[in-house]
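Take a look at the letters that make up each chain.
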Amino acid sequence: MWPQSLLRRTEGEYDWTPVSEVKLGPQSSYRFPDPEHRSYDDWVEFGKNEELNGRLLNALDTYQHALAKFPNGYVAQKSAGRLAAALLRFEEAKQLLEPLQARDTTDGEIAYYLGLAYEGLGDDAHARAAFEGAQRLPFFQAAADLHLGEMLARTGDKDGALKHLTAAAHVSPDDVRIQEELVVVTASAGEAAAAHSLAEKGAARFPLSYFLAEETGKPNLVQLANDPYRVLNVS
């Protein structure tokens, strides 16, 4: 059987875009105005651009400048609060996000990052309420259930922790952190056989997890010996 052609290209011919619409050379892009001439949307988009390029501190500074000029800017304040929580500036995140949650109690993004802020400040009661609000929205369900499982495990509520971690694993089966913690809590709840079974399945799915390899009784001693922090992480 002769080989079959899968891809053919002819110089100067464009199947997807007509040649008349193809623009060669430097492409035009929107240039943000100088700070004194920026609109509210300009400030928000400039902050997003900073975030996408990994300049998180600059982005937070941009959102704060936007709020100084537009004090009631909902999106800028939410973005600043979210970023403050991600940067572990929990008190700042709390001050930014609490007023917004009062304005919109259905916003799962606010609830989740406010939960992180409360948790970072050691206020588990408010953190739990915030995460329970966030878990009702699909996008934040797995992350919120993970934090709820961790919080309940710390207080000794193994059944509650197992419930939330199981739910998180169902929603996000490709999250290795969830799978590892589910094994831990299952074992601590006295379900040794179930924990071993979960570890076996998890190790097959996440072969680079030193913890899951340890739990199956097949630790990668060579890799663990290469870096003491790997041993500490497993512990």
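About the criteria used
Residues numbered from 1 in each chain as written. Predicted model: local features only at pLDDT ≥ 70, side-chain atom pairs only at ≥ 80, totals over all residues. Heavy atoms only, no water. Helix = DSSP H or I, 4+ residues; strand = E, 2+ residues; numbered from the N terminus. Buried < 20%, exposed > 50% of the residue type's maximum accessible area, 1.4 Å probe, protein only. Contact = heavy atoms within 4.5 Å. Areas by Shrake-Rupley, 256 points an atom, 1.4 Å probe, with all protein chains shown as cover. Lys, Arg positive; Asp, Glu negative; His and termini not counted. Charge placed at Lys NZ, Arg CZ, Asp CG, Glu CD. Salt bridge = Lys/Arg side-chain N within 4 Å of Asp/Glu carboxyl O. Expected span 1.5 Å × (residues − 1). Arc of directions from axis to C-beta. Axes fitted to C-alpha atoms, helices over the stretch in contact; angles between N-to-C directions. Left-handed = near helix turned anticlockwise from the far one by under 90°. Nonpolar A, V, L, I, M, F, W, Y, C, P; charged D, E, K, R; others polar. Core = buried A, V, L, I, M, F, W, Y, C linked by side-chain atoms within 4.5 Å.

A.B. asks: Can you tell me about the overall build of the protein chain, naming the residues and giving the values?
C.D. replies: For the protein chain, the count of helices and strands is 13 helices and zero strands. The secondary structure elements of the protein chain, listed N-terminal to C-terminal, are α-α-α-α-α-α-α-α-α-α-α-α-α. In terms of overall dimensions, the protein chain has C-alpha extents of about 70 × 65 × 35 Å along its principal axes. Buried positions account for 35% of the 235 residues belonging to the protein chain. In the protein chain, the proportion of contacts linking residues at least 24 apart, taken out of those at least 6 apart, comes to 40%. Put simply, the protein chain shows about 15,100 Å² of open surface, and 54% of that area lies on carbon and sulfur atoms. The distance from the centre of the 23 positive side-chain charges to the centre of the 35 negative ones in the protein chain is 2 Å.

A.B. asks: With reference to specific residues and values, describe the pattern of salt bridges.
C.D. replies: Side-chain pairing between opposite charges can occur once the charged atoms of the two side chains come close. Scanning the entire structure with this criterion turns up 12 salt bridges. One salt bridge connects R82 with E51, and the closest N-O pair in it is separated by 2.9 Å. With R82 in helix α3 (residues 74-86) and E51 in helix α1 (residues 40-52), this pair connects stretches of sequence that are 31 residues apart. Residues K78 and D107 are paired through a salt bridge, measuring 3.0 Å at the closest nitrogen-oxygen approach. Here K78 is found in helix α3, whereas its partner D107 is found in the loop between α4 (90-103) and α5 (108-120), with 29 residues between them in sequence. We classify K78 as buried; its relative accessible area is 16%.

A.B. asks: Now, about helix α10 (residues 192-205): what can you tell me, with residues and values included?
C.D. replies: Count 3.6 residues to each turn of an α-helix, and residues three or four apart come out pointing the same way. Between its first and last C-alpha, α10 extends 20 Å over 14 residues, near the 20 Å set by a 1.5 Å rise per residue. Among all positions in α10, only A195, A199 and G202 are buried. For α10, the angular spread of the buried residues around the axis is 70 degrees, confining them to a single face. Opposite the buried face of α10, at more than 90 degrees from it, the exposed residues are A193, K201 and A204. Where the residues of α10 are buried, they touch α9 (176-188) and α11 (210-215).

A.B. asks: Now, about the environment of A80: what can you tell me, with residues and values included?
C.D. replies: Here A80 lies in helix α3. What A80 contacts, discounting residues up to four positions off in sequence, is L60, Y63, L67 and L96.

A.B. asks: An account of the side chain of E51 is needed here, citing residue identities and associated values.
C.D. replies: Judged by its relative accessible area of 19%, E51 falls in the buried class. Other than its neighbours up to four places away in sequence, E51 contacts L56, A59, Y63, R82 and L83.

A.B. asks: How would you explain the packing of α3 against α4 if you had to name every residue and give the values?
C.D. replies: In contact at an axis separation of 8 Å, α3 and α4 are set at 140 degrees when each is read in the N-to-C sense. α3 and α4 meet at a crossing whose hand is left-handed. Contact with α3, carried on its side by Y74, Q77, K78, A80, G81, R82, A84 and A85, involves F90, E92, A93, L96, L97, P99, L100 and R103 of α4 and no other residues of that element. Looking at the contact of α3 with α4 residue by residue, the class counts come to 10 nonpolar, two polar and four charged.

A.B. asks: Give a description of the nonpolar core that names residues and reports values.
C.D. replies: Membership of the largest hydrophobic core comes to 23 residues, with the highest contact counts inside it found for L97, Y112, Y113, F131 and A134. The set of elements that each furnish at least two residues to this core consists of α3, α4, α5, α6 (124-134) and α7 (138-154). Looking at which element gives the most residues to this core, the answer is α5, with eight residues. If we ignore the near neighbours within four places in the chain, the residues touching F131 are Y112, G115, L116, E119, A144, H147, L148 and M151. Core analysis: the second largest hydrophobic core is formed by 11 residues, A59, A66, A76 and L83 among them.

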